[in-house]
Structures are given as C-alpha cells and as structure tokens.
Amino acid sequence: MTFRLTNTAKTYPDGTRALLSTKLTVKNGEIVSLLGPSGCGKTTLLRIIAGLETPDLGSDIWFDEDNVTSLPVERRNVGMVFQSYALFPNMSVRANIGYGLKMQKLSKPEIETRVSEVLEMCQLQKFSARAVNALSGGQRQRVALARAIAPRPRLLLLDEPLSALDASLRESLRDELAVLLREFNITAIFVTHDQDEAMAIADRVAVMSNGRIVQSGTPEELYRHPNSAFVAGFVGNAMRLDGKCTGSVLTLEGGGLRLPGEGSGNNVFVRAEDVRIDDNGSLCGQVETITFLGTHYRIGIKGITPNLLTSIFAGQSAPKVGQSVKVAIKPEALILLPAGEI
Amino acid sequence: MIKSKTKILQLTVTLTACAFLFVPIILSVLAGVTANYFQGISSGFTLKWVFRVWELYADSIFLSMRLAFSCLIMTLIIGLPAAYGLARNPGWLSRLLEEFISLPLAVPGLALALALLQLYGSMKGFRTSWTFILVGHVLYTMPFMVRSILAVLASIDLKTLEEGAATLGASPWQRFRDIVVPNAMPGILAGALTVVTLSIGEFNLTWMLHTPYLKTLPVGLADSYASMRLEVASAYTLVFFVLIVPLLMAMQWASARAQRISQ
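In this numbering scheme, every chain counts its residues from 1 along its sequence in written order. Chain labels run from A onward and ligand labels from 1 onward, assigned in the order the entries are written. With pLDDT at 70 or above as the cut-off, local features in this predicted model cover only qualifying residues; side-chain atom pairs require 80 or more to be listed or tallied, and sums for whole chains, interfaces and linings still use all residues. Side-chain numbers here rest on the full set of heavy atoms in the structure, without hydrogens or water.

1. Some thoughts on the sheet that holds strand 16 (residues 276-277) of chain A
Residue and element names in this part refer to chain A.
And then number 1: Two strands qualify as a pair provided DSSP detects at least 2 bridges between them. Every helix listed is a DSSP run of H or I at least four residues long, and every strand listed is a run of E at least two residues long, numbered separately from the N terminus. Here 5 strands make up an open sheet; going across it, the order is 16-20-17-18-19 and the pairing antiparallel. Every other strand in the sheet has two partners, leaving strand 16 and strand 19 (309-313) as the edge strands with one partner each.
And then number 2: Strand direction decides the pairing type here: strand 17 (residues 283-292) and strand 18 (residues 297-302), joined by 6 bridges, are antiparallel. Each bridged residue has a counterpart across the sheet, and for Thr291 the counterpart in strand 18 is Arg298.

2. As for unusual backbone geometry
Residues and elements named next belong to chain A.
And then number 1: In this structure, Asn7 takes a positive phi of about 50° despite not being glycine.
And then number 2: Along the chain, Asn7 turns up in strand 1 (residues 3-11).
And then number 3: Phi at Arg152 is positive, roughly 50°, even though this residue is not glycine.
And then number 4: With respect to the helices and strands, the residue Arg152 is situated in the loop between helix 4 (137-149) and strand 7 (155-159).
And then number 5: Type-normalised accessible area, obtained with a 1.4 Å probe on protein chains alone, sets the label of each residue: buried when under 20%, exposed when over 50%, and partly exposed for intermediate values. A relative accessible area of 51% places Arg152 in the exposed class.

3. Structural notes on the domain arrangement of chain A
All names here are of chain A.
And then number 1: Domain annotation of chain A identifies domain 1 (3-234) and domain 2 (239-338).
And then number 2: The domain boundaries here were taken from an automatic or database domain assignment. Of note, the centres of domain 1 and domain 2, computed from C-alpha atoms alone, are 39 Å apart.
And then number 3: Summed over both sides, the interface between domain 1 and domain 2 buries roughly 520 Å², with carbon and sulfur atoms accounting for 56% of that surface.
And then number 4: Throughout this description, a polar contact denotes any pair of N or O atoms lying within 3.5 Å of each other; where both atoms belong to protein, one of them has to be capable of donating a hydrogen while the other can accept it, and for residues adjacent in sequence the pair is counted only when both atoms sit in side chains. At the boundary of domain 1 and domain 2, one finds 2 residue pairs in polar contact (both at pLDDT 80 or more).
And then number 5: Where the side of domain 1 that touches domain 2 is concerned, the elements lending two or more residues are helix 7 (219-224) and helix 8 (229-234).
And then number 6: The residue makeup of the side of domain 1 that touches domain 2, split by class, is 5 nonpolar, 2 polar and no charged. In short, buried area is how much 1.4 Å probe accessible area vanishes from two parts on joining, totalled over both. Each residue is assigned to one class: nonpolar for Ala, Val, Leu, Ile, Met, Phe, Trp, Tyr, Cys and Pro, charged for Asp, Glu, Lys and Arg, and polar for all the others, Gly among them.

4. Things to note about the pattern of salt bridges
And then number 1: We define a salt bridge as a contact between a side-chain nitrogen of Lys or Arg and a carboxyl oxygen of Asp or Glu at a distance within 4 Å. Enumeration over the complete set of coordinates arrives at 23 salt bridges over all chains.
And then number 2: For the salt bridge of Glu30 of chain A with Arg204 of chain A, the shortest nitrogen-to-oxygen distance reads 2.9 Å. Highlighted residues: Glu30 of chain A in the loop between strand 2 (17-26) and strand 3 (31-35) and Arg204 of chain A in strand 9 (residues 204-209), separated in sequence by 174 residues.
And then number 3: Look at Glu30 of chain A and you get buried, because its relative accessible area is 8%.
And then number 4: Members of the salt-bridge network, linked through shared partners, are Lys10, Arg47 and Glu53 of chain A together with Lys159 and Glu163 of chain B.

5. Describing the confidence of the model for chain A
And then number 1: Per-chain confidence: chain A averages 90 in pLDDT, with 99% of residues scoring 70 or above.
And then number 2: The score called pLDDT rates the predictor's confidence residue by residue, from a low of 0 to a high of 100. Taking the mean pLDDT of every element in chain A, the minimum, 82, falls on strand 12 (residues 244-246) of chain A and the maximum, 95, on strand 3 of chain A.

6. Considering the nonpolar core
And then number 1: Counting residues in hydrophobic clusters, the biggest one holds 52 residues, and the most contacted among them are Val53, Ile149, Ile200 and Leu209 of chain B.
And then number 2: Elements supplying a minimum of two residues to this core: helix 2 (48-88), helix 4 (109-120), helix 6 (130-154), helix 8 (172-201), helix 9 (204-209), helix 10 (217-227) and helix 11 (230-262) of chain B.
And then number 3: With residues near it in sequence (within four places) discarded, Val53 of chain B still touches Ala58, Val232, Ala235, Tyr236 and Val239 of chain B.
And then number 4: Think of a nonpolar core as a cluster: buried Ala, Val, Leu, Ile, Met, Phe, Trp, Tyr and Cys residues, connected wherever their side-chain atoms sit within 4.5 Å. Of all hydrophobic cores here, the second largest spans 46 residues; its members include Ile31, Phe127, Val132 and Leu135 of chain A. The criterion used for residue contact is that any of the two residues' heavy atoms lie within 4.5 Å.

7. Re the interface of chain B and chain A
And then number 1: Taken together, the contact between chain B and chain A spans 22 residues of the former and 21 residues of the latter.
And then number 2: Buried surface at the junction of chain B and chain A, both sides included, amounts to about 1800 Å², of which 60% is carbon and sulfur.
And then number 3: Of all residues in chain B, the largest losses of buried area upon contact with chain A belong to Glu163, Thr167 and Leu168 of chain B, amounting jointly to 36% of the total for that side.
And then number 4: Linking chain B with chain A are 2 salt bridges.
And then number 5: Two residues, Glu74 of chain A and Arg175 of chain B, come together in a salt bridge whose shortest N-O distance is 3.4 Å.
And then number 6: Counting across the chain B and chain A interface gives 5 residue pairs in polar contact (both at pLDDT 80 or more).
And then number 7: Mapped onto the side of chain B that touches chain A, the elements with two or more residues apiece are helix 7 (158-167) and helix 8 of chain B.
And then number 8: With 8 residues, helix 7 of chain B is the single largest residue contributor to the side of chain B that touches chain A.

Encoded structure:
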C-alpha cells in the first residue's frame, strides 16, 4: 500500500504545537523510520496515522486512493506494535494473536490456520497456550508483532518496539525484526529515538526535530549528506570544527585543514571515525581521555577545537594520556553546512 | 523452653479469641434447636423451631434474596460503566464524583432512609413496593461496587489496552466487552461479594423503609427477637447463617479464582 500524508499538524487544546504541518509518503512495501529525540513529535505523528489522535483541520491522510483522515482507528485496518506491547492479559498468546481475525469475523477454522501460520513465522509455537504474563520481554515483543500482522493490515506501525528490552537483547531482536518485516513484505512505519535501530531496520529514515521532519532519505544519504547541523549531530554524532574559514582552508587552534570546497559562510563537521591519528597529519593536539571499547579505542584530543575532538582508533596500542599526537582528516570526509542554520 | 512458653501463650490467646467469637454463636444456634431453652439441653433437641421460622418468615427470606440479587444487578448496571468512565477520565472532576458516590458510606443509614422517605413518602405505590427498599440498598452498596472495580481498573494500563484492541478492529462496545470487563473481573467479583452480603445483612436503613408486609431477613430477625419465643429467635439466627455462609464462601472462592487468573 502507498501511504500519503499531507499538511498534517497537531495542536493540543492548550496551544502546544506537537506537530507542525508535515508531509510524508511511504511507497508500497517500504519500511520508514521516524527518528528523533523525545518530544520531537514522532509518536504524535504515528498516532495520527493510526487514528489514535485527531489531527488539526485541513490534514489529509491517504491509504492508496482512500482518504482515511476521518476514519476511526478500528476501521483503518492498521497493525500497531505498542511500546508497552499492550498484550491482553485476559487472553492466551493464541487468543491475543487471533483477536484481530475474530474482529474481522473470520470462521473459527480459518482463524486457527492463520494464527498457526503467524505463530510459526514468529517462532512462537511453543508458547501458544501460555498466558502473556508468563512470557519474557523478547517473547512478548514477538507476540505483539504477531498480533499486529495476523489480520494482514494495510500498514504496520511500530512505536519504539525495542525500547522496553535490555540492551543485549535489543541488538539481536533488532536484526530479527528487520528480517521479519521484510519477510512479511509489508509497508511499515516505525518510531525510534535510536539511530542504530533506525539504520538497521529502515529503508528510509525521516529525521524529526521540534515537530517537523527535517530530512528524509536512505540511511547512507542521511549519514553522508546531512542537510543540517541537527541531522549531522543526531545521525552519527558529527562534531563541529570551530575555526576560521579562508577560501578553502580552515584554520583551527591546532593547525590548518584543507576543505573540499569554498568554506566561508559554512560550518564544518566531521565524524569521529574520520579523525585519524597520523604522524603526517596537519593538526596538533594532546590526548586527554582514552576509552577502550573492545574493537576500538575512543580517544579525546584537546587543543584542536574548543571542545574535545573525538577520534576512533582501531590499532593495537593506543597513545597514552597527555601524549602529543598529530591528527589528519581527509578533505572528502568533511561535511560543509551553511552557517546560521540550527 | 522459652520458645514453647511463647507458643503456649500464642495458642491460648488465639483460642480465647476464637471462643469469644464462637461461643455466642454456638449458644444461639443450640438455643434454636433446644426443645425448651429454660430447661436447658436436657429437654432434648428439636427442629420444630426452625420449621416455625420457615412458616412465619419464609417471605422475609425470599424478599431478602430478591433484594440482594436485584441490588447486585442494579449496582452492576450502574457501577460498571461509572467505574469505567471514572477510570478512563482521571482528573479533579472524577475524583469529586468518586467522593460523591462514596457519601452514603459516611452518612448514617437512618439519615439516608429519612431523606428517601421525605422525597418519595407521598408516592404511595412506590412507598409500599419492595423497589423502595431496593433504592435504599442500591444507594448504600453502590460505593463498594464502584470502588472495587475502580481499584482494579486503575492498576492496569486500560487506555493502551483499548487502543491495542482498537487497532485490531474492535469497536468501542467490543473493546468494553472483550477487554474492559474481563480485566475488571476480580474487582467485579469482589464488589459483588460485598454488595450481596451488605444487602442481605443491612438493617438500619431497611428498618426505616420497610412496611409490615415487607420485612427483610434482618428486620424479621429484630421482629422475632421482640415478639417471639427465644427459641424461635435463635432458630432464626440459625437459618440466617445457613443462608449467608455458603453464599459468602462461594463468592470468596470465585474472587480468589479470578485473582489467580488475572495474575
């Protein structure tokens, strides 16, 4: 299903503008992530799409050729995975998954077959007779997903589906979810504040800030060509290089740096993995902090920018704290964004 | 040694307390089956008084049963949607309403009865009908039903559960039937237990509202104490126990079961 939403906004009765006029299109079978910090309006947008919030007048939501703007939630035929899963404690796993099918008035045997099918897809056969309270967090998450997709919804919505799990489980379920969603071949929108999650699962990411979508694109596009300081910082933690641009040379406290293009009027950003400790580097700094992270070291270097400049160092032996180091940054790794924007 | 001494002390206190509670009951029950209370047990046992009670007060027993079940149905019809409404719309207005519903708990039954008499006393058909007593019982037991359901509903994330059901295609009525009611069941059962027990045992409000033709179980009990032989009055107590104890046990069992399911 192709999903289209135009001119959609949400203002609360007290005047808070949770969502500014927004436009979003999701192609058939595409998985889109709404990514942003808490309070950016991403959950509001998802709830408006589901029909759980009423948008302001003038908003328009289309499922294919149907305008669903004024359709109540129960008639939109969306599947939703809630942050808290919202599994019905009065029903078994099987009954939870079958509930949406029951609402579609399917016959008993048909419900049985469809539920069994979904149970198998989500590897939940073993738990089908259990009460939902007797499941672990990861199992509950899968039941919630199974329940949402069993009625074959036109659109699947996921609200922070992994945030209630502990960190180690989250990572493995993240990949599992990405595989499952593609297996279902379903149009899906999911909300997250975790950029790794968004990149791992989504075909396209829409970054949100202060009630609007600031940039939307594939994970690579967002990472390589952010259009604002906010996106550069939120996706991949880019650091601003605070210095003076003259022509295509940036002068920092710790030395000069060649830019890929005309630098004046621009802010310059760089990511930690592009900051290399290199004896032939043009920048000079001093190691202030070292954090060992197993596969690599995170090294904080002072004396190059007003704040610490972070470098990812993958070698066997890291420099010592207090040691002077040379730093190199390739011109093509620098991100130039017009100054004066947020 | 010390340990066994404390044990003995504990046992003595417990047994004394039990005796304190049970001896009057046993004496009363015994009096109800004694041929002549003033001669004592030596006069022999008989069920004559129990049959006598049935003869005289069968109507009271049926009236009380009818009242209790009607009262239960009324409190369910009004109390369940009320508790649901209060749970779904928390705020100062809901809290105020909740307090308002609970007022009959604080106002003495006599005052409540007096107010009902002042308002409806002149409506002859209603005044002399058993439904007049029912109104009093519903007013008096409503807070127990509403509060016990509300306590259960407040402990679950009702809003999200309902939203979950809504996204699966359930209409508001289906959500109420499939999600709200089953999850509120422990509260409904606990409330029902309280309402039925209170309604059967309620005396002071009922005493004000009753007419000579409409005596409930406790009003009949007072009547028999006042005007019958002591043996008849005691037999009445026995009948009362026989009726109410199994009911209490059944409902206890039901609510314990519902609680187990909900966990």
